[in-house]
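Tertiary structure, described
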Amino acid sequence: EKYTCKDPFYDDVYWPAIPRNLVQRFLRACAKHGIGVTLDIHTLPGGTSIGTFSGVWPRYARFWTHGDVPALDNNSQPDIGRNLVKDFIGWVESLAVEDPMAFKGVRAISPMNEP
């Protein structure tokens, strides 16, 4: 798995990507000790807020104006944020069958922190 992914709106911004198998091991360890974890997607591609915590500072956040609307041409992906969250939730739900101990470690999902 890759450990970074390129922001689709800013050529010089890369986001950290935590390998799923590492997250699963962490969730299993938490579940073993009775700990529930909140999985937080802290921000989304393009940044969601003005500020250093959004990942694109000092640039303006582009998620709300460019990343969460249907594409107007064939050169870009529509609804980047919704697709990302949908895929993430689908993966977490799949753990219920594929890795029940890891799924037991999930307490909540925060699809966007500090919008």
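Treat the numbers as computed from the prediction; the structure is a model and nothing was measured.

On average, the protein chain scores 84 in pLDDT, and the residues at 70 or more come to 85%. Summarising per-element confidence for the protein chain, the mean pLDDT is lowest in helix α2 (residues 63-67) (73) and highest in helix α4 (residues 100-104) (98).

Next up on the list: the packing of aromatic side chains. The full count for this structure, using the stated rule, is one aromatic pair. When the centroid spacing of 6.2 Å and the interplanar angle of 40° are considered together, the rings of Phe88 and Trp91 count as tilted. One end of the pair, Phe88, and the other, Trp91, are both in helix α3 (residues 80-98), three residues apart, so they sit about a helical turn from each other. You can call Trp91 buried: its relative accessible area is 10%. Over the aromatic face of Tyr10 sits the side chain of Arg59, whose NZ or CZ is 5.2 Å from the ring centroid.

The terminal C-alpha atoms of α3, which comprises 19 residues, lie 26 Å apart, in line with the 27 Å expected from a rise of 1.5 Å per residue. All of the buried residues in α3 are Ile80, Gly81, Val85, Trp91, Val92 and Leu95. The buried residues of α3 occupy an angular sector of 130° when projected down its axis, which confines them to one face. Facing away from the buried side of α3 by over 90 degrees, the exposed positions are Lys86, Asp87, Glu93, Val97 and Glu98.

Here is what the cut-offs are and how they apply
Residues numbered from 1 in each chain as written. Predicted model: local features only at pLDDT ≥ 70, side-chain atom pairs only at ≥ 80, totals over all residues. Heavy atoms only, no water. pLDDT = per-residue confidence, 0-100. Helix = DSSP H or I, 4+ residues; strand = E, 2+ residues; numbered from the N terminus. Phe/Tyr/Trp six-rings, centres within 6.5 Å; stacked < 30°, edge-to-face > 60°. Buried < 20%, exposed > 50% of the residue type's maximum accessible area, 1.4 Å probe, protein only. Lys NZ or Arg CZ within 6 Å of the ring centre and 35° of its normal. Expected span 1.5 Å × (residues − 1). Arc of directions from axis to C-beta.

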